[in-house]
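An overview of the molecular structure
Here's the letter readout for the chains.
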Amino acid sequence: MDSAPARALPLRPARTVVRWGVRHGLPAAYLRRSVRAGDPVARFLRDRAVRDDPFPLYEELRARGPLVPSSLGLATTSHAVAREVLRSESFGVGWDRSAAPGWVRWALAFGDDLDASGVAEPPSMLVVDPPDHTRFRRLVNRAFTPRATAQFEPSIQGTADRLLDKLERRTGEVDLVGTYAAQLPVLVIAELLGVPTGRREDFLRWGAAAAATLDPGLPFRRYVAAERALRAMHAFLRQHFARLRREPGEDLVSRLVGLPEDEALTERELHATVMLLLGAGFETTVNLLGNAVVLLDAHRDQWKALVADPSGWTGAVEEVLRHDSPVQLTGRTATAAVPVAGREVHPGTRVTVLLGAANRDPEVFPDPARFDITRADAREHLAFSAGIHYCVGAGLARLEAVIGLRSLAERFPDLRVSGAPVRRDLRTLRGFEHLPVRLR
Ligand code: HEM
């Protein structure tokens, strides 16, 4: 339970500092030391040049073998190993707090605060193991079946068309992320969650700040900004739940707040589940759309081929997901002793799964650095992960991307990137914050 407001206020700064310290400050110090020692995973997480272009580092790692020791445990660039670890019952996403030193446990308990919790904190389904994971996943799965997803098609198309109508009136250089790539996913997920679309600029602002909490070692100022955004999101969600309890609609959240007693989610579980859906719903798809436009601008012949034959968009979206994955990494912790790639992995060992590297594994994808929208096996990528945490919104993201990109290309076939795209300062997520284009 949260403390009463009168007591929580003076405590908040101390709690914020402790939360930051245990989640980011200490990891940052550790990562800095590991960078100095030449550790590759630490370099990926700290070095801006590697953030911009992680692919040479992935190849360096690949040359060292399928499972490489790093300061954070083990790391893999291998598609086969990544898939095996993600699907294995001997790995989980949770970690055993009871094994942590006493002061870490104290710091985690002291800093604990529902209103500041992010999408990668329990009980978010992303970071909990069965049986809780199974329970949460079952509750949301129904909203994402192929049939339920297909029903969204007209509304996605309508939203894309309205955004493009607005763009039609623009002249000169336009930021395609701000006006389109970010807008489409946030409007779609808002509809799915029964959230008023009028608040979308707030979500985009909050989401942009909060996405940083996925990366370890955040500087204090960025963490404070992220925490402020998370508090605003939780406050909004609390009101949203109250409204839907009074006036339920047909949306997923109305169903979640109205579950019968034996299935009902706790307040914290409800916040974690909806916050994850909201965040995952737009913070990733925006990257897929932006990355696609940049890649296809650099491969103009392929853009022209898609303008001429829009049936190629399905394959093109898979190739963008593979070549420039919007989520570059995830991780799992061994829950039992388990042999992986000829090596015994001990319980408690963390394996960093470099999805973006696995998607360029030459064992699976011939000439993997080549961007080719006609690649037959692009869909073998792990951009949506694998196993029980396989992205629940994968079908929706694919549909949004195909409709969003196809409609953009139909409306503006001569679109060109007209200035240097600005990358988001994120590691786990890979995409652009600004993308200057000329529409005609
Ligand atoms: C291009 C867009 C997207 C990409 C690349 C993406 C990627 C991913 C990845 C890699 C994971 C699993 C992480 C892990 O295994 O640790 C994941 C999980 C998840 N994604 Fe997505 N995602 C996208 C879009 C969406 C959308 C549109 C939604 C919701 C509407 C969504 C909701 C979720 C949820 C709820 C999970 C947690 C699933 C679980 O833990 O069982 N994602 N996503």
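Let me sum up the structure you'll find in this document. One numbering rule holds for all chains: residues counted from 1, following each sequence as written. Residues qualify for local features only when their pLDDT is at least 70, as the model is predicted, and side-chain atom pairs are given and counted only at 80 or more; totals for whole chains, interfaces and linings, by contrast, use all residues. Hydrogens and water are ignored here; the side-chain numbers use all heavy atoms of the structure.

**Regarding the sheet that holds strand β12 (residues 436–438)**
One bridge is not enough; two strands pair if DSSP finds at least two bridges between them. Per the convention used, a helix needs a DSSP run of H or I reaching at least four residues, while a strand needs a run of E reaching at least two, with both numbered from the N terminus. Spatial ordering of the open sheet is given by β4-β12-β9, a layout of 3 strands whose pairing is antiparallel. Of all the strands in the sheet, the pair left with one neighbour each is β4 (173–175) and β9 (416–417). Looking at chain direction, β4 and β12 are connected through 3 bridges and run antiparallel. Looking at β12, one finds that V174 is bridged to V437.

**Examining the pairing of strand β5 (residues 329–334)**
When a residue's accessible area, from a 1.4 Å probe over protein chains only, is under 20% of the maximum for its type it is buried; when over 50% it is exposed; and in between it is partly exposed. Among the 6 residues in β5, 5 count as buried, and that is most of the element. Note: strand β3 (residues 91–92) against β5, 2 bridges, orientation antiparallel. The residue bridging F91 from the neighbouring strand is A334, located in β5. Examined bridge by bridge, β5 and strand β8 (residues 350–354) share 5 bridges and lie antiparallel to one another. Bridging from a neighbouring strand, L329 pairs with L354 of β8.

**A short note on the sheet that holds β8**
Spatially, the 5 strands line up as an open sheet ordered β1-β2-β8-β5-β3, and their pairing is mixed. The sheet is open, and its two borders are formed by β1 (68–70) and β3, each paired with just one other strand. Strand direction decides the pairing type here: strand β2 (residues 73–76) and β8, joined by 3 bridges, are parallel. Residue L74 lies in a different strand from β8, and its bridge partner there is V351. In this fold helix α5 (residues 79–87) packs onto β2, β3, β5 and β8, with an angle of close to 125° to the strand it touches most, β8. When checking whether two residues touch, look at their non-hydrogen atoms; a contact exists if any pair is within 4.5 Å. All axes here are fitted lines through C-alpha atoms, helices being fitted over the stretch that makes contact, and every angle between N-to-C directions spans 0 to 180 degrees.

**Structural notes on the site of the ligand**
Taken together, the neighbourhood of the ligand is formed by 28 residues, with H133, T330, S385, H389 and C391 sitting nearest. For the purposes of these results, a polar contact is taken to be a pair of N or O atoms within 3.5 Å, where, inside protein, one atom must be able to donate a hydrogen and its partner to accept one; residues adjacent in sequence count only when each atom of the pair is a side-chain atom. Taking I388, its main chain carries an N or O atom lying 3.5 Å from an oxygen atom of the ligand. Between the ligand and H389 there is a distance of 2.7 Å, counted from an oxygen atom to a side-chain nitrogen or oxygen. Those elements that provide at least two residues to the shell around the ligand are α7 (132–141), α15 (267–283), α16 (285–298), β5 and α20 (394–411). If a single non-hydrogen atom of a residue is within 4 Å of a molecule or strand, that residue counts as near it.

**A few points about the side chain of S254**
Relative to the assigned elements, S254 resides in helix α14 (residues 252–257). A relative accessible area of 6% means that S254 is categorised as buried. Within the local environment of S254, its side chain forms a polar contact with the backbone nitrogen of G249, the two atoms lying 2.8 Å apart. For S254, the residues in contact, after removing those within four places along its chain, are L244, P248 and G249.

**Looking at the coordination of the iron atom of the ligand**
A lone protein donor contacts the iron atom of the ligand, and this donor is C391 (SG), found at 2.3 Å. Looking at the secondary structure, you find C391 in the loop between α19 (355–358) and α20. As a rule, N, O and S atoms within 2.8 Å of a metal are its donors, except that Na, K and Ca use 3.2 Å; water is not among the atoms, so sites may look incomplete.

**Some words on the environment of A336**
Its location among the elements puts A336 in the loop between β5 and β6 (338–340). Residues A336 and S90, 246 residues apart in the sequence, show an inter-C-alpha distance of 5.5 Å.

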